[in-house]
Every structure is written in structure tokens, then in C-alpha cells.
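Examining the three-dimensional arrangement
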Amino acid sequence: MNEINKEYIENFLYDNIKKKSDFLEALEKEALENHVPIISPEVGQFLRFLLASKKPKRILEVGTAVGYSGLLMLDVSQEIEKLVTIEINEETAAIAKENFKKAGQDSRVQLIVGDGLEVLKNLGDTFDFVFIDAAKGHYQEYFNEIRKMLNPGGLIVCDNVLYKGMVATDDLVIRRKKTIVKRLRAFIKEVINLEDFESSLLPMGDGLLVAVRIK
């Protein structure tokens, strides 16, 4: 359980989520058993909803992990032409690459191994939908680079922005996490007040910030 919602709320949400493919179900179970962090079920379902609504052609993901969230997004529609996903850890990226292949989705995936910010600075591409789930202390830097590549009407979804509730209240802040919390608070305020984006902060999973480019 996270610090965002009551356990009974989370359980109810989990009980009312659309069934995923057998491969995704197995990958989710494996990740949980091995303590590999993946997106929460309700966040996954919300991503599916957003993708079904926006029907993007090109998706960017910062933070591949084992490929679970990327596969979940690709599973929504065959209209998604390409997923560009960035992972800093070589071993984790190798696992993700194998999972994309096993799922038969490798032809639609470009997996880049490297530091997220450095890759973004040299990517030179455009996207309709972006999912950020990487180093929380660098969300502002990621956003600054990504907004240059986002098509009009494009969406940026940032996961874990409430950071176990610490961003919302000092009562939960752990001393060694103060810098990350400070940066996330500044990031949220910055994005919410941008003139060329309309944004919403949602108490879902570990907190989501959703921003759509309006200009």
C-alpha cells in the first residue's frame, strides 16, 4: 500500500481493472515476486484509457525497467507505430529486450540504453505521447527536453510524483529524500502553471501528473 489512498480504495480499484493479456499477467506476477518496481494496476489501466482516447502514433518512455509498462501501452492498439523507450541499466534493458521479443512487439520498439537526460538531448524526434517513470529528481530536466519534441495536443504522463506521499506533506519526508521531494514540488508547480500546457495532478498509484500541450 502507498500513502496516497486507503487500502480499501486500492483494493476496490484493483478488483475493477480490465483483464490484461496472459503474457502481461505473467510478467506482472514475475515482477512482483522478484520485487521489480512496475506501474500499479490502476495507473496501467489509466494509461490504457488515455492511449485509447488519444490514439497516438509515436510513444516515448523514459524508464523501461523490464518492459512491462511499454508492453501494456503497445497492447492497447496496433495503430501505435513505434515505442522509443530509454533505460539506463544494461542488465534490466536486456531483460526488457527479451520480453519485447517474447511478446512479439520488438518490431515496434526502439530500446535505447543510456542516461535518460543525455539520450533525450540527442534524440531529435517527435512524439504524441510520453510516459516518464525514471529518476524522480530529474523530472524537470526530462520535461524540459521532452516538451521540445511533443506534438501539439500531445500528452506527457509523469508517474510517482507524490513520492509515497512525501511531496504532499512534510510529516512523511525522510531526511535522505529531502532533495528529491523539494525538486518534485518545484516541478509540479512549474508544470501546472505553464501557459502552453494544461495539467492535472492525480492521487492515483503514487501520484500522477498529466500534462497536455495546448499551444
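Heads up: the structure comes first, above all this text.
Treat the numbers as computed from the prediction; the structure is a model and nothing was measured. (Residues numbered from 1 in each chain as written. Predicted model: local features only at pLDDT ≥ 70, side-chain atom pairs only at ≥ 80, totals over all residues. Heavy atoms only, no water.)

1. Comments concerning the packing of helix α7 (residues 139–146) against helix α8 (residues 178–192)
Think of two packed helices as two axes; the pair is described by the angle between the axes and how far apart they sit. Running from N to C, α7 and α8 point in directions that differ by 30°, and their axes come no closer than 9 Å. For the element pair α7 / α8, the angle class is roughly parallel. The residues of α8 that touch α7, namely those facing Y139, Q140 and F143, are L184, A186, F187, E190 and V191. Classifying every residue of the contact of α7 with α8 gives 6 nonpolar, 1 polar and 1 charged. (Axes fitted to C-alpha atoms, helices over the stretch in contact; angles between N-to-C directions. Helix = DSSP H or I, 4+ residues; strand = E, 2+ residues; numbered from the N terminus. Parallel < 35°, antiparallel > 145°, perpendicular 65-115°, else oblique. Contact = heavy atoms within 4.5 Å. Nonpolar A, V, L, I, M, F, W, Y, C, P; charged D, E, K, R; others polar.)

2. Topic: a nonpolar patch on the surface
A contiguous nonpolar patch, built from Y8, I9, L13 and Y14 and spanning about 380 Å² of accessible area, is present on the exposed surface. Take L13: it is sitting in helix α1 (residues 7–15). (Patch = residues over 30% accessible without salt bridge, like charges linked within 9 Å, V, L, I, M, F, W, Y side chains within 5 Å. Areas by Shrake-Rupley, 256 points an atom, 1.4 Å probe, with all protein chains shown as cover. Salt bridge = Lys/Arg side-chain N within 4 Å of Asp/Glu carboxyl O.)

3. Considerations on the layout of surface pockets
If you add up the space inside the largest pocket, you get close to 1,100 Å³. Among the secondary structure elements, those contributing two or more residues to the lining of the largest pocket are α1, α2 (22–33), α3 (41–54), α4 (68–74) and β2 (82–87). Sort the elements by how many residues they give to the lining of the largest pocket and α1 lands first, with 4 residues. When its residues are assigned to classes, the lining of the largest pocket shows 18 nonpolar, 13 polar and 10 charged. (1 Å grid on protein atoms, 1.4 Å probe; cavity = no way out; pocket = protein on both sides within 12 Å on 5 of 7 lines; lining within 4 Å. Points joined across faces, edges and corners; volume = space filled by probe spheres on them.)

4. Describing the packing of aromatic side chains
Taken as a whole and judged by the stated rule, the model has 5 aromatic pairs. Judged by centre distance (6.1 Å) and plane angle (25°), the ring pair of F46 and F49 falls under stacked. In this pair, F46 and F49 both sit in helix α3, 3 residues apart, roughly one turn of the helix. Taking the centre distance of 5.3 Å and the plane angle of 55° together, the rings of F143 and F197 count as tilted. With F143 in helix α7 and F197 in strand β6 (residues 197–202), this residue pair connects regions lying 54 residues apart in the sequence. In terms of burial, F143 and F197 fall into one category: buried. A connected cluster of aromatic rings, assembled from ring pairs, spans Y139, Y142, F143, F187 and F197. (Phe/Tyr/Trp six-rings, centres within 6.5 Å; stacked < 30°, edge-to-face > 60°. Buried < 20%, exposed > 50% of the residue type's maximum accessible area, 1.4 Å probe, protein only.)

5. Concerning the pattern of salt bridges
Applying the stated criterion across every chain yields a total of 8 salt bridges. Measuring nitrogen to oxygen at the nearest pair gives 2.8 Å for the salt bridge that ties D133 to K136. As a salt-bridge pair, D196 and R147 come within 2.8 Å of each other at their nearest N and O atoms. In this pair, D196 sits in the loop between α8 and β6 while R147 sits in the loop between α7 and β5 (150–159), placing the two residues 49 residues apart along the sequence. Among the residues examined, R147 registers a relative accessible area of 24% and is labelled partly exposed.

6. Observations regarding the pairing of strand β7 (residues 208–213)
Where β5 lies against β7, 5 bridges are found, and the strand directions are antiparallel. From the neighbouring strand, I156 faces β7, where its bridge partner is A211. A loop of 5 residues connects β6 with β7, the two strands running antiparallel in sequence, and G205 in this loop sits at a positive phi of about 60°. (Pairing = 2+ DSSP bridges.)

7. Points about α3
Between its terminal C-alpha atoms α3 stretches 20 Å, which fits the 20 Å expected from 14 residues at 1.5 Å a residue. Within the sequence span of α3, burial applies to E42, V43, G44, F46, L47, R48, L50 and L51. A positive phi of about 50° marks K55, the residue just after α3. (Expected span 1.5 Å × (residues − 1).)

8. A word on the environment of N151
Along the polypeptide, N151 turns up in strand β5. N151 gets classed as partly exposed once you look at its relative accessible area, which sits at 25%. Here the alpha-carbon distance between N151 and K19, two residues 132 residues apart in the chain, equals 31 Å.

9. Remarks on unusual backbone geometry
One non-glycine residue with positive phi stands out, namely K55, at about 50°. Along the chain, the position of K55 falls in the loop between α3 and β1 (58–62).

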